[in-house]
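# Commentary on secondary and tertiary structure
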Amino acid sequence: MNRRTGMLLAALVLPLLLVGCGDKLQWYVVSPATPAGRANLLFMLGGLKYTILLSMTAILISVTLGLLVALPGLSTNLFARSFNRVYVEIVRAVPLLVLILWVYYGLPIMMGIAINVFWAGVVALALSDSAFEAEIFRAGIQSVDPGQIEASDSLGLGYLDRMRYVVLPQAIRRVLPPLGNQLVYMLKMSSLVSVIGMEELTRRARELVTAEYRPLETYTILILEYLVLILIVSAGVRWLERKLAVREHR
Amino acid sequence: MSLDTALSPVIQLCNLTKRYGSFQALTDVSLTVASGERMVICGPSGSGKSTLIRCVNQLEKHDAGRVLVNGVELGKNRKALRSVRTDVGMVFQQFNLFPHLSVLDNLTLGPMRARKLTQDQATQLAMRYLERVKIPEQADKYPSQLSGGQQQRVAIARSLCMEPKVMLFDEPTSALDPEMISEVLDVMVELAESGMTMMVVTHEMGFARKVADTMVFMDAGRIVEQSTPGEFFSNPQTERGKLFLQQILQH
């Protein structure tokens, strides 16, 4: 992490800790200095595993799905383009929270299958996000100069080779910033899966609040947990952007 | 080369017609390019010369008429089109190099993916053609690190790596700074002298005089004149041809 990010973090955290000396904040519930506080802190951090696992699985699926939905959107075939339109419009219109509830409580009845909270969360998050990814990929692919496609055609490359070696490498570079956005968004939205009982960060925090009645301190820690996670993700995306940009000076 | 194969047509266009909406880009264009022939196509802008050359490898689909390359008719059949495209090299006005790939990777992509050569074979081939266009030392650079003239020479080498039977050039020097035009033309002259069949859209009349077997003059989507360069430059048969030559050779 660079110095500026570090200073930003300090600027956010220090005032909180200072105010914590007053009587409004009772940091003892999550104090690493006492055994009870340590236990509470560890309990909260225990949700980290599921938040990360959930959002990473979901983003992998949604990026793949988004790309598969974006490609027909660029076809000259009207049927393929309509499929893309209908998918994006419908999926984008369902609120994520509603989709989570629907997938967890509705899908098992409809399909006659059992689905656990983790996979219900993954499916809902991935589905919801895939519509946005599809639009991002479509924009990225459309931004590639048509001359690139003509050059690949004139070399006798087929559709898959052209996409794999010429179009997508250029498109993905350009959509990294919005893709990074979606990654951050997914991490945050994974908190909604707490409503169906997924033991991730938010759920753990709520359970602790129920036990200790200290919402201010607990949710402040929760915010910091997300903040740290997201700063790490942001740094990762920026690193990737820099790494890929080194080559193509245009 | 026997007389028979020397005269066998590589490209045949019969009554080619192309429209963009209500604009008639090509009207009833017919021509034949024989193996080893160097054809230069000229004409005012908007006369359809780029459209014509782009119909040969079907970057533009014609509306009526026939396009035959090596005797294979191009139309709906995608497989036939792809195999023909590996036999027809194309050099663009804007180079169209792949900016995310090194010069070497630009050159090896086609041979490896479309001709199924191994990496070693493709690299050898690429280095041979980079030497031919006189920039083997730039192999590891990226297109944006090269000058326009160098980029266009890489683009020519990239097409040559497919070992095509014909090379199409669509205004290859029009996007170049004046001082870089000759380095590209030199490569093209050398290519012509090596016996490559070429179809060249260009305003470089010096080049045309030097290498062309056939001059084609187009205007308003039609072939107006077709003759040898000697005849075309000294004695154009049409008023439009005369006017065009006056305008282009004035300075």
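Cut-off values and rules
Residues numbered from 1 in each chain as written. Chains lettered and ligands numbered in written order. Predicted model: local features only at pLDDT ≥ 70, side-chain atom pairs only at ≥ 80, totals over all residues. Heavy atoms only, no water. Helix = DSSP H or I, 4+ residues; strand = E, 2+ residues; numbered from the N terminus. Rg over C-alpha atoms; globule rule 2.2 N^0.38 Å. Buried < 20%, exposed > 50% of the residue type's maximum accessible area, 1.4 Å probe, protein only. Contact = heavy atoms within 4.5 Å. pLDDT = per-residue confidence, 0-100. Buried area = accessible area lost by both parts, 1.4 Å probe. Salt bridge = Lys/Arg side-chain N within 4 Å of Asp/Glu carboxyl O. 1 Å grid on protein atoms, 1.4 Å probe; cavity = no way out; pocket = protein on both sides within 12 Å on 5 of 7 lines; lining within 4 Å. Points joined across faces, edges and corners; volume = space filled by probe spheres on them. Nonpolar A, V, L, I, M, F, W, Y, C, P; charged D, E, K, R; others polar. Pairing = 2+ DSSP bridges. Axes fitted to C-alpha atoms, helices over the stretch in contact; angles between N-to-C directions. Phe/Tyr/Trp six-rings, centres within 6.5 Å; stacked < 30°, edge-to-face > 60°. Lys NZ or Arg CZ within 6 Å of the ring centre and 35° of its normal.

### Observations concerning the overall build of chain B
Secondary structure assignment for chain B yields 10 helices and 10 strands. Relative to the compact-globule value of 18 Å for 251 residues, chain B shows a C-alpha radius of gyration of 18 Å, a close match. Expressed along its principal axes, the backbone C-alpha trace of chain B runs to roughly 55 × 45 × 45 Å. Burial statistics for chain B: of 251 residues in total, 55% are counted as buried. Put simply, 65% of the contacts in chain B that link residues at least 6 apart link residues at least 24 apart.

### Topic: the confidence of the model for chain B
Residues and elements named next belong to chain B. When pLDDT is averaged across chain B, the result is 93; 97% of the residues are at 70 or more. Per-residue pLDDT stays below 50 along residues 1-5; that stretch engages in two contacts with residues further than four places along the chain or on separate chains. Taken over the whole predicted complex, pTM reads 0.86, whereas the ipTM for its chain interfaces reads 0.91.

### So, the interface of chain B and chain A
Counting from both sides, the interface comprises 24 residues of chain B and, opposite them, 22 residues of chain A. Surface buried jointly by chain B and chain A totals about 2100 Å² across both partners, of which 59% is contributed by carbon and sulfur atoms. Contact with chain A buries surface across chain B, with P99(B), H100(B) and R113(B) losing the most and accounting together for 28% of the total. For the pair chain B and chain A, the interface holds two salt bridges. As a salt-bridge pair, E150(A) and R54(B) come within 2.6 Å of each other at their nearest N and O atoms.

### A closer look at empty space enclosed by the protein
Residue and element names in this part refer to chain B. Evaluated as defined, the whole model comprises one cavity of 30 Å³ or more. Considering only enclosed or pocket space, the largest cavity measures out at about 30 Å³ in volume. Every residue along the wall of the largest cavity is listed here: R132, V133, L160, V187, E190 and L191. Of the residues belonging to the lining of the largest cavity, the class tally is four nonpolar, no polar and two charged.

### Brief notes about the pairing of strand β4 (residues 64-69) of chain B
All names here are of chain B. With five bridges connecting them, strand β1 (residues 9-20) and β4 associate as antiparallel partners. Its bridge partner being in β4, I11 is matched across the sheet by V69. Across two bridges, the pairing between β4 and strand β5 (residues 72-73) is antiparallel. The residue bridging V69 from the neighbouring strand is V72, located in β5. Hairpin connection of β4 to β5: two residues between the antiparallel strands, including N70 at a positive phi of 50 degrees.

### Description of the sheet that holds strand β7 (residues 166-170) of chain B
Residues and elements named next belong to chain B. Strands sit in the order β6-β7-β8-β3-β9-β10 across an open sheet of six strands; the sheet is mixed. Strand pairing shows two members of the sheet lacking a second neighbour, β6 (88-91) and β10 (222-227), which therefore form its edges. Geometrically, the sheet is characterised by an average inter-axis angle of 15 degrees between neighbouring strands, direction not taken into account. Pairing between strand β9 (residues 214-219) and β10: five bridges, direction antiparallel. Each residue of the ladder has a partner; that of F217, found in β10, is E225. Packing of helix α2 (residues 49-56) onto the sheet brings it into contact with β3 (38-42), β6, β7, β8 (197-201) and β9, and relative to β7 it is tilted by some 150 degrees. Relative to β6, helix α6 (residues 148-160) is tilted by about 170 degrees, and along the sheet it contacts β6 and β7.

### What about the packing of aromatic side chains?
Evaluation of the coordinates by the stated rule reveals six aromatic pairs over all chains. With a centroid separation of 6.1 Å and an interplanar angle of 45 degrees, the aromatic rings of F83(A) and Y87(A) are classed as tilted. Here F83(A) pairs with Y87(A), and both are found in helix α4 (residues 78-93), just four residues apart, close to one helical turn. The class of Y87(A) is buried, set by a relative accessible area of 16%. Each ring, one from F232(B) and one from F233(B), has its centre 5.5 Å from the other, and the planes form 70 degrees; the classification is edge-to-face. Through successive ring pairs, a cluster of aromatic residues spans F217(B), F232(B), F233(B) and F244(B). Above the face of the F233(B) ring, R209(B) is positioned so that its terminal group lies 4.5 Å from the ring centre.

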